[in-house]
Amino acid sequence: MLWVLFLLVAWGAATVSCVRLCLVSARAGLLSGASADDVGSIAAGHELTLYETAFLAGGPQRVADLVLAAMHLRRRLLLAHTGWVTVVDPEGRDEMERTVIRAIGPQGQSPIPPVRTAAAGADAVRALADRLVAAGLALPGGAGGEVAAAVRAVRGAALLVVAMGAVTLLMPGQEHGPGGPVMSLLVWFGLPLALTVGCLVIARMEVHPYSSWASPAGQRLLAANDVPDAGAPRDVLAAIAVRGVRAVDDPALRAALGGGPGGPLG
């Protein structure tokens, strides 16, 4: 009767992982997200700014990188490849820029990493996030990362169910119940496997693509909207907003926004 233990493990893994995915998706508001028609109407009536694009694509840190890069390209800040930022023009054009200037401090110079961290956690970025969440375009608190982890757990549970069924079939001298070992594999392990596969199919239709910040509606809007010009070289800022600092060709700017040599790139 060792196969019963394997069956309990398979059912436990399948049930826990599927319930977790449902709870995380419901908490993030994904299971009641916008329909395709709703997304079409949202996309037609809303043009993403660069700040909104950066948040949906990469979260608060991406917004901070975008602000720093834009101010550098406008000659309002000087980003050095050594990982330091210097204020050139202390008058910010919007609240995001003023937040960065305040984070640099009254001396007008600071290492870039603490400025990025302070800017990413500032009230202006939180207000931007709240607006996108209220519009159904962003997930609260980056909940998409939890959804992706839950999906991976369901996939792992499905593989575990198959493994437990295979072990049950191959173990010699075990009583597999009515119908023999093949029927045992199909009947007793088929239900938890169907549960996990069905949950993955529903997640693929309702939740995919899995993003840490943008909802499915937000991701479709990212793909549907052109990024507007923000008064700096469009290609550089758009690349940072959508793909992060790794998309920047300028090695000095990459090094600066990466926190200096060897620093992490956003």
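In case you missed it, the structure is sitting above this.
Residues numbered from 1 in each chain as written. Predicted model: local features only at pLDDT ≥ 70, side-chain atom pairs only at ≥ 80, totals over all residues. Heavy atoms only, no water.

(A) The arrangement of the overall build of the protein in detail. The helix and strand tally for the protein stands at 13 helices and 3 strands. Counting over 266 residues, the protein shows a buried share of 42%. Nonlocal contacts in the protein, meaning residues at least 24 apart in sequence, comprise 71% of its contacts between residues at least 6 apart. By element, 63% of the accessible surface of the protein is carried by carbon and sulfur atoms, the whole surface being about 13000 Å². (Helix = DSSP H or I, 4+ residues; strand = E, 2+ residues; numbered from the N terminus. Buried < 20%, exposed > 50% of the residue type's maximum accessible area, 1.4 Å probe, protein only. Contact = heavy atoms within 4.5 Å. Areas by Shrake-Rupley, 256 points an atom, 1.4 Å probe, with all protein chains shown as cover.)

(B) Looking closely at helix α3 (residues 50-58). The buried count for α3 comes to 7 of 9 residues, which makes it a mostly enclosed element. Trailing α3 by a residue or two, Gly59 shows a phi angle of about 85 degrees, which is positive.

(C) Quick peek at the pattern of salt bridges. The final tally for this structure, using the stated rule, is 7 salt bridges. One salt bridge connects Glu97 with Arg74, and the closest N-O pair in it is separated by 2.7 Å. With Glu97 in helix α5 (residues 95-104) and Arg74 in the loop between α4 (60-73) and β1 (77-79), the pair connects residues that are 23 residues apart, well separated along the chain. Judged by relative accessible area, Glu97 falls into the buried class, the value being 0%. Take Arg74: its relative accessible area is 19%, and that puts it in the buried class. Between Arg76 and Asp89 there is a salt bridge, with its nearest N and O atoms 3.4 Å apart. Here Arg76, found in the loop between α4 and β1, pairs with Asp89, found in the loop between β2 (84-87) and α5; they are 13 residues apart in sequence, far enough to count as distant. The buried category is assigned to Arg76, whose relative accessible area is 7%. Each member of the salt-bridge network shares a partner with another, and the members are Arg74, Arg76, Asp89 and Glu97. (Salt bridge = Lys/Arg side-chain N within 4 Å of Asp/Glu carboxyl O.)

(D) Region of the structure containing the packing of aromatic side chains. The full count for this structure, using the stated rule, is 1 aromatic pair. Seen in terms of ring centroids, Phe55 and Trp213 are 5.5 Å apart; in terms of plane orientation they differ by 65 degrees. Their pairing is edge-to-face. Taken as a pair, Phe55 in helix α3 and Trp213 in the loop between α10 (190-206) and α11 (216-224) lie far apart in primary sequence, 158 residues in all. You can call Trp213 partly exposed: its relative accessible area is 23%. (Phe/Tyr/Trp six-rings, centres within 6.5 Å; stacked < 30°, edge-to-face > 60°.)

(E) View of a positive patch on the surface. On the surface, Arg20, Arg152, Arg155 and Arg204 cluster together into a positively charged patch. Along the chain, Arg204 falls in helix α10. (Patch = residues over 30% accessible without salt bridge, like charges linked within 9 Å, V, L, I, M, F, W, Y side chains within 5 Å. Lys, Arg positive; Asp, Glu negative; His and termini not counted. Charge placed at Lys NZ, Arg CZ, Asp CG, Glu CD.)

(F) Up close: the sheet that holds β2. The strand order β1-β2-β3 describes an open sheet built from 3 strands, whose pairing is antiparallel. Here the strands that pair on one side only, and so sit at the sheet edges, are β1 and β3 (109-111). Sheet twist, expressed as the average angle between the axes of neighbouring strands with direction ignored, equals 20 degrees. As defined by bridge partners, β2 adjoins β3 across 3 bridges and the pair is classed as antiparallel. Each residue of the ladder has a partner; that of Thr86, found in β3, is Gln109. (Pairing = 2+ DSSP bridges. Axes fitted to C-alpha atoms, helices over the stretch in contact; angles between N-to-C directions.)

(G) Representation of the nonpolar core in the model. Among the nonpolar cores identified, the biggest contains 44 residues, and Val63 and Val100 are the most heavily contacted of them. Counting residues per element, this core draws most heavily on α4, at 8 residues. (Core = buried A, V, L, I, M, F, W, Y, C linked by side-chain atoms within 4.5 Å.)

(H) Representation of the environment of Cys22 in the model. Looking at the element boundaries, Cys22 is found in helix α1 (residues 2-28). Given the relative accessible area of 41%, Cys22 is considered partly exposed. The sequence separation of Cys22 and Cys199 amounts to 177 residues, and the corresponding C-alpha distance is 8.6 Å.

From the geometry alone we can't say anything about function, so treat these as descriptive.
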